[in-house]
Amino acid sequence: MKGFELISTGGALPGRLVTNDDLSRMVDTSDEWITTRTGIRQRHFCAEGETITDLAVKAARQALERSGLSAADIGCCVCGTLSSQYASPSTACLVQRDLGLAEDIPVLDVNAACSGFIYGVGVARGLLATRENDPRRYALVIGCEHLSRLMDMTDRSTCVLFGDGAGAAIFELTGDAEFAIDLGARGDMAITTPAGGPIGMDGRAVFRFAVDALPRSLGAVLAATGHTIDDLDWVVCHQANSRIIDHCVKKLQADPDKFYKNMDRHGNTSAASIPVALNELAEQGRLTPGMRIACIGFGGGLTWGGMVLKVKGSKA
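Since the structure is predicted, the reported quantities are computational estimates derived from the model, not experimental observations.

Peer 1: Hey, could you run me through the nonpolar core in this one?
Peer 2: Grouped burial of nonpolar side chains is what soluble globular proteins tend to show. Leu214, Leu218, Leu232, Cys237, Ile244, Phe259 and Phe298 are the most contacted members of the largest nonpolar core, which has 45 residues in total. With ten residues, the single largest contributor to this core is helix H7 (residues 203-225). Among residues more than four places away in sequence, those in contact with Leu218 are Ile229, Leu232, Leu252, Ala294 and Ile296. Judged by nonpolar contacts, the second largest core, of 33 residues, contains Leu6, Ala112, Ala282 and Cys295.

If you want it as structure tokens, here you go:
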């Protein structure tokens, strides 16, 4: 199959900043307890009237503007989310409406929880590859979540972990771009979100799963490209817990400086965490043309996904 290159990024964070001290006034916890166990210091929640659609559209519009493309150039739109505003229409359909994307392209949501953005990239690449005669070779992929509306704010084991946000990226389907992707799932109830109910989690089971899935998926995409970690400029993992990433860095005997972290400022934003991190790197001038990056997601389902790709041009 053809390769995929990153063209541009965008991001959106909601208006309500919630610190660990704020949470300590709502539930029996403390800044020290949260920080030492997760690395999280604050997160953003949607303010009254803010929706996941607002965040997704804002991030997508920013990515589109930075790409130098028009809405007419987009060949598909995929949103990774487990917290869509509606069962139907999908968040992707609402993004299509608000950005003025064409009506004859596929748009859909993908629910793979914290792996949703990686799954979305895989779906988008496959969709474009089946439309080889269509000149619109660009995909808009979004990871977006409104998790605060799904949380039990009396459960300190979960309410301290999650945040809201959205990240978006434009990718180009090309004939010779270096690209590899690894996707998988293992049906398990360690993380649950019942319809209309709050998020639940078996923290120890999730930790055991994550520290196995992360290095295994990274190894799979590196093997597929013939590279090693030394050949990567960045490894952007799902931002669930700093201890998970630290454990895997040690296990892999890797350079910790290559593993980007931002969960201290955003918490776990599920499908949004990887594209939000990519957008931060881009805005900081630390994601430059020709860089080779790996992205690794893992989470509810249980699901995992990894990819290796390159940054194209000067617009990301």
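Peer 1: Would you mind going over the packing of aromatic side chains with me for this structure?
Peer 2: The description of an aromatic ring pair rests on the distance of the ring centres and on the angle between the ring planes. Inspection of every chain in the model, using the stated rule, returns five aromatic pairs. Ring geometry for Phe4 versus Phe171: centroids 5.3 Å apart, planes at 5°, classification stacked. Placement of Phe4 in strand S1 (residues 3-12) and of Phe171 in strand S7 (residues 165-174) is noted, with a sequence separation of 167 residues between them. Judged by relative accessible area, Phe171 falls into the buried class, the value being 1%. Summarising the aromatic geometry, the rings of Phe117 and Phe171 are spaced 6.3 Å apart at their centres and angled 45° between planes, so their arrangement reads as tilted. You can see Phe117 sitting in helix H5 (residues 116-129) and its partner Phe171 sitting in strand S7, a full 54 residues away along the chain. Considered together, Phe117 and Phe171 belong to a single accessibility category, that of buried residues. We note Arg156 situated over the ring of Trp33; from NZ or CZ to the ring centre the distance is 4.5 Å. The aromatic ring of Trp304 is capped on one face by Arg216, whose charged end is 4.9 Å from the ring centroid.

Peer 1: Teacher, can you tell me more about the packing of H7 against helix H8 (residues 242-252) here?
Peer 2: Packed helices, taken two at a time, are described by their axes: the angle between them and the distance between them. Direction vectors running N to C along H7 and H8 enclose 50°, while the axes themselves pass 10 Å from each other. One finds that H7 runs oblique with respect to H8. In the packing of H7 onto H8, the handedness of the crossing is right-handed. Along the contact surface, H7 presents Phe207, Ala210, Val211, Leu214, Pro215 and Leu218, while H8 presents Arg243, Ile244, His247, Cys248, Lys251 and Leu252. Looking at the contact of H7 with H8 residue by residue, the class counts come to nine nonpolar, one polar and two charged.

Peer 1: Just checking my understanding: could you explain the environment of Asp164 for this structure?
Peer 2: Along the chain, Asp164 falls in the loop between helix H6 (156-159) and S7. Considered as a pair, Asp164 and Gly297 are 133 residues apart in the sequence and their alpha carbons are 17 Å apart. Every residue in contact with Asp164, bar those within four places of it in the chain, is listed here: Leu13, Pro14, His44, Phe45, Cys46, Glu145, His146, Leu147, Ser148 and Thr269.

Peer 1: Help me understand the side chain of His227 in this model?
Peer 2: Within the element layout of this structure, His227 appears in the loop between H7 and strand S11 (234-237). A polar contact is formed between the side chain of His227 and the side chain of Glu178, at a distance of 3.1 Å. Every residue in contact with His227, bar those within four places of it in the chain, is listed here: Glu178, Leu222 and Arg292.

Peer 1: Is there a simple way to think about helix H10 (residues 273-283) in this case?
Peer 2: The periodicity of an α-helix, 3.6 residues per turn, causes residues three or four places apart in sequence to face the same way. The buried fraction of H10 is high, at ten of eleven residues. Three or more residues of H10 are buried, namely Ser273, Ile274, Pro275, Val276, Ala277, Leu278, Asn279, Glu280, Leu281 and Ala282. Just past H10, the residue Gly285 takes up positive phi, approximately 75°.

Peer 1: Please explain the side chain of Glu5 as it appears in this structure.
Peer 2: Mapped onto the elements, Glu5 comes out in strand S1. Its relative accessible area of 15% is what places Glu5 among the buried residues. When residues no more than four places from it in sequence are discounted, the contact partners of Glu5 are Ile170, Phe171, Glu172, Thr174, Ala177, Leu309, Lys310 and Lys312.

Peer 1: Sorry, what's going on with the packing of helix H3 (residues 52-67) against helix H4 (residues 91-99) here?
Peer 2: Across the interface, H3 lies against H4 with an axial gap of 9 Å and an inter-helix angle of 55°. Comparing their axes, H4 and H3 come out oblique. With respect to the hand of their crossing, H3 and H4 are arranged in right-handed fashion. Residues Ile52, Thr53, Ala56, Val57, Ala60, Arg61 and Leu64 of H3 form the contact with H4, whose participating residues are Thr91, Leu94, Val95, Asp98 and Leu99. Among the residues forming the contact of H3 with H4, the class breakdown is eight nonpolar, two polar and two charged.

Peer 1: Just to check I follow, could you spell out the pairing of strand S6 (residues 138-145) for this structure?
Peer 2: Looking down a regular strand, the side chains alternate between one sheet face and the other. Counting buried positions along S6 yields eight of eight residues, so the element is predominantly enclosed. Alternating residues of S6 divide into Tyr138, Leu140, Ile142 and Cys144 and Ala139, Val141, Gly143 and Glu145, and every residue in both groups is buried. As defined by bridge partners, strand S4 (residues 74-80) adjoins S6 across six bridges and the pair is classed as parallel. When the sheet's bridge partners are listed, Cys76 is paired in S6 with Ala139. Pairing between S6 and S7: eight bridges, direction antiparallel. For Val141, the partnering residue across the bridge sits in S7 and is Ala169.

Criteria and cut-off values
Residues numbered from 1 in each chain as written. Predicted model: local features only at pLDDT ≥ 70, side-chain atom pairs only at ≥ 80, totals over all residues. Heavy atoms only, no water. Core = buried A, V, L, I, M, F, W, Y, C linked by side-chain atoms within 4.5 Å. Buried < 20%, exposed > 50% of the residue type's maximum accessible area, 1.4 Å probe, protein only. Helix = DSSP H or I, 4+ residues; strand = E, 2+ residues; numbered from the N terminus. Contact = heavy atoms within 4.5 Å. Phe/Tyr/Trp six-rings, centres within 6.5 Å; stacked < 30°, edge-to-face > 60°. Lys NZ or Arg CZ within 6 Å of the ring centre and 35° of its normal. Axes fitted to C-alpha atoms, helices over the stretch in contact; angles between N-to-C directions. Parallel < 35°, antiparallel > 145°, perpendicular 65-115°, else oblique. Left-handed = near helix turned anticlockwise from the far one by under 90°. Nonpolar A, V, L, I, M, F, W, Y, C, P; charged D, E, K, R; others polar. Polar contact = N/O pair within 3.5 Å; in protein donor to acceptor, adjacent residues only side chain to side chain. Pairing = 2+ DSSP bridges.

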